[in-house]
Amino acid sequence: MRRDRLHRGIPVSAASVTIRVDRAFGPVVEGEAVVSDEGFSPRYDLDRWSGVITRRGHKLEGVNIRDKILFFPTAKGGIAAGWAFHDIKAKGIAPKALVFGVTNPVMVQGAVFANLTITEGWSRDPRECLRSGDIVRVDPAARTIRVLKRAQ
Amino acid sequence: MLRGKRGEPVRRALRLQFEVGKFYGARRFVPVSNVHMMGDIEVMGDGGLDHLQRLAQSGARCRVPITTNARCFDFAHVERLGQDAGEAAKERRLIGCLREMNVVTTDTCINYQTVYQPHFGERLAWGDTGTVIWANSVCGARTNFESGPAAMAAAMTGRVPEYGFHLDRHRRGTFVVEVATELKDFAEWGAMAKLVGESHQSYFAVPVFAGVKQAPVADQLKHLGAALASYGSMAMYHMVGVTPEAPTLRAALGGRRTGRRMRITRADIERVFAGYRNPDGSCNFVVFSGPQQSLLEMKQLAELFDGRRVHAGTTVLVTTANSVLASARALGYAQKLEAAGVAILEGVCVYILQNLTRMRAANGWTNMISNSAKIVNTITAHKFNTILRRTHECVEIACTGVFR
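Worth saying up front: this structure is predicted, and the values here are computed from it rather than measured. (Residues numbered from 1 in each chain as written. Chains lettered and ligands numbered in written order. Predicted model: local features only at pLDDT ≥ 70, side-chain atom pairs only at ≥ 80, totals over all residues.)

**Some points on the overall build of chain A**
Here's step 1: Scanning chain A from N- to C-terminus turns up four helices and nine strands.
Here's step 2: Secondary structure of chain A in N-to-C order comes out as α-β-β-β-β-β-α-β-α-β-α-β-β.
Here's step 3: Sorting the 152 residues of chain A into buried and exposed places 51% on the buried side.
Here's step 4: Counted over contacts in chain A with a minimum sequence separation of 6, partners at least 24 positions apart contribute 72%. (Helix = DSSP H or I, 4+ residues; strand = E, 2+ residues; numbered from the N terminus. Buried ≥ 20, exposed ≤ 12 C-beta atoms within 10 Å, placed from the backbone. Contact = placed C-beta atoms within 7 Å.)

Following this line, the structure appears as structure tokens:
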């Protein structure tokens, strides 16, 4: 509801949207945002050969994560992420960054091992100020995420 | 170590740990005495295997005792399951690398029932979430979720960054679950974990179970913990009067005031079971796995299947550890299961079996029925429709071919 209002009724300029994050690792990246209402596990939700989210009924079912900047409220489950990010990076289907509301150490260990940008904690809920298709920049050292361009 | 005095592999391992510690604001490293890692070709992929081969060739060795989790092949069943021979060969290479690096390849996710029982306060670096939640909750030992590369790093450096469940402040209960019904079957413990985990998904959420009328046995705690970790990403729970850091509710909460409570009633548990759908009515795939079966679970299954036959066209898989299977054979449990037509797989877990998605399609398995709430959750990436049922109900479905 809120997202609809932001995007339909009240124009929000790209420059005005900055999200501060609590913890971050990795290089600065820019790319297309995919904003999810549901948590994520590369083990339970992802086909690690195609990069497509295949779990039945996942809110992002059918979405390809390659080169995307992924926003998830939570991390789910398993230990597998430790190897999985390194594996999907080697296969060329890794996302550019993982932005979590709340994550777990496996995601962090896996991202660090794969040298993949990861952040946790956000000052504004991306579900309320971003939408999938927006182009964003994640700067781990500055602990900020900025919108560069709105989705059409 | 960071300057490379103990070699490049150790320098890189410590670097990884340092960055993870920095992310979480760790102030120091603490020594660990036991490590358990997940590393199989299905999860590691070719990139992971290359990494391990390079590590082994460069002389990297583990200095702390380290065991391995369940893997994706039981080599005796590769053909029968229609698994890929090329991937099986890679798995063998991977195992060779691990052994070269001084890793004890136990291939079990129930190390706490078969290999190593940590003491109160002992610091560990364990992988597989089910092992972590057991160590923290039931033993009062201290470990975070340590994934494959992180666990291997810990075994090489002998330490971990001190954050998360190494710190007292994260071990206190964060909410209370009042258990207002008596739970019996493993599936009922798992059903409760699903309700608690799904509604409180967070690594730092620590439920305190209160009011449990009958103290659970080890395998019930195993299913509870494995499912909490799976649905909730949780690494610790307390049970008042049962687990070591919860002599009282007050102690479990560690002075924290919590207004958040949830209550689990019989109706809640029954609703979980009633909530599973079976669109095509099929029930030709029944699984006892995730976690691997303990010897006492093998005994129970042998008794339930004794003198019966698995329904024609139905596949029943049981997974267990090599050591448990040896005992189950010596005691005649394995023979009873096999006589009934049950396939026993060793050293694996069903949801990580290599080629499972194609195996599912080739065998016409649309539904997976299990008494493990954990596997009912984890296997869904392979497009199974999953159904949780109590142990005796699973056996009944397996032998009659009738879904209920």
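Now, onward.
**Side note on the overall build of chain B**
Here's step 1: Counting secondary structure elements, chain B contains 17 helices and 14 strands.
Here's step 2: Relative to the globule expectation of 22 Å for 404 residues, the C-alpha radius of gyration of chain B, 21 Å, shows essentially globular dimensions.
Here's step 3: Projected onto the principal axes, the alpha-carbon positions of chain B cover approximately 65 × 55 × 40 Å.
Here's step 4: Burial statistics for chain B: of 404 residues in total, 54% are counted as buried.
Here's step 5: The long-range share in chain B, meaning contacts at least 24 apart out of those at least 6 apart in sequence, stands at 80%. (Rg over C-alpha atoms; globule rule 2.2 N^0.38 Å.)

**Points about the sheet that holds strand β7 (residues 207-210) of chain B**
All names here are of chain B.
Here's step 1: Read from one edge to the other, the open sheet built from four strands follows the order β8-β7-β6-β9, with strand pairing classed as parallel. Each edge of the open sheet carries a strand with a single partner, namely β8 (238-239) and β9 (261-264).
Here's step 2: In the sheet, β7 pairs with β8 via two bridges, with the strands oriented parallel. Looking across to β8, one finds that V208 is bridged to H238. (Pairing = 2+ DSSP bridges.)

**Regarding the environment of G48 of chain B**
Here's step 1: Inspection of the secondary structure puts G48 of chain B in helix α2 (residues 41-57).
Here's step 2: Beyond its immediate sequence surroundings of up to four residues, G48 of chain B is in contact with W83, H86 and D87 of chain A.

**A look at the domain arrangement of chain B**
Residue and element names in this part refer to chain B.
Here's step 1: In terms of domains, chain B is made up of domain 1 (8-166), domain 2 (169-235 + 252-273) and domain 3 (279-400).
Here's step 2: Put simply, the middle of domain 1 and the middle of domain 3, counted by C-alpha atoms, are 26 Å apart.
Here's step 3: Across the boundary between the two partners, domain 1 contributes 22 residues, which contact 19 residues of domain 3.
Here's step 4: In terms of residue count, α2 provides more of the side of domain 1 that touches domain 3 than any other element does, three residues in total.
Here's step 5: Of the residues belonging to the side of domain 1 that touches domain 3, the class tally is eight nonpolar, seven polar and seven charged. (Domains from an automatic or database assignment. Nonpolar A, V, L, I, M, F, W, Y, C, P; charged D, E, K, R; others polar.)

**Quick word on the pairing of strand β6 (residues 97-100) of chain A**
All names here are of chain A.
Here's step 1: Here β6 shows a buried face lined by A97 and V99 and a second buried face lined by L98 and F100.
Here's step 2: Here strand β5 (residues 69-72) runs beside β6; their pairing, made up of four bridges, is parallel. Each bridged residue has a counterpart across the sheet, and for F72 the counterpart in β6 is F100.
Here's step 3: Viewed along the sheet, the connection from β6 through helix α3 (residues 105-114) into strand β7 (residues 117-122) turns out right-handed. (Right-handed = clockwise from strand over helix to strand, strands pointing away.)

**Comments concerning the interface of chain A and chain B**
By a widely used convention, the size of an interface equals the accessible area lost when the partners come together.
Here's step 1: Taken together, the contacts link 34 residues of chain A with 31 residues of chain B.
Here's step 2: Secondary structure elements with two or more residues in the side of chain A that touches chain B: β1 (18-25), α2 (81-90) and α3 of chain A.
Here's step 3: Across the side of chain A that touches chain B, the residue classes tally to 16 nonpolar, ten polar and eight charged.

**Describing helix α17 (residues 391-400) of chain B**
Residues and elements named next belong to chain B.
Here's step 1: Of the residues making up α17, those classed as buried are T391, C394, V395, I397 and A398. Buried residues along α17 cover an arc of 160 degrees about the axis, so they all sit on one side.
Here's step 2: On its buried face, α17 is in contact with α8 (186-199), β10 (285-293), α12 (295-305), β11 (315-320) and β13 (367-370). (Arc of directions from axis to C-beta.)

**A look at the nonpolar core**
Here's step 1: If you look at the biggest cluster of nonpolar residues, it comprises 178 residues, and the most contacted ones within it are M192, L228 and L337 of chain B.
Here's step 2: Ignoring anything within four residues of it in the chain, the contact list for L228 of chain B reads I133, A193, V196, G197, M234 and Y237 of chain B. (Core = buried A, V, L, I, M, F, W, Y, C linked by C-beta atoms within 7 Å.)

**What to know about the sheet that holds strand β3 (residues 66-68) of chain B**
All names here are of chain B.
Here's step 1: Pairing is parallel across the open sheet formed by three strands, whose spatial order is β3-β2-β4. Two strands lie at the open edges of the sheet, namely β3 and β4 (124-126), each paired on one side alone. Across this sheet, the average inter-strand angle for adjacent strands is 15 degrees, counted without regard to direction.
Here's step 2: Note that strand β2 (residues 34-37) and β4 share three bridges and pair parallel. Bridge pairing in β4 places N34 opposite L124. (Axes fitted to C-alpha atoms, helices over the stretch in contact; angles between N-to-C directions.)

**Digging into unusual backbone geometry**
Here's step 1: Of note, the bond from G290 of chain B into P291 of chain B is cis; its omega dihedral lies within 30 degrees of zero at 0 degrees.
Here's step 2: Tracing the backbone through its elements, the reader meets P291 of chain B in strand β10.
Here's step 3: Here N115 of chain A, not a glycine, exhibits a phi torsion of approximately 55 degrees, which is positive.
Here's step 4: Structurally, N115 of chain A can be placed in the loop between α3 and β7.

**Thoughts on α2 of chain A**
Residue and element names in this part refer to chain A.
Here's step 1: Burial analysis of α2 places eight of its ten residues in the buried class, the great majority of the element.
Here's step 2: Of all the residues in α2, the buried ones are A81, G82, W83, A84, F85, H86, D87 and I88.
Here's step 3: Taken from the residues just after α2, G92 is the one with a positive phi, measuring 80 degrees.

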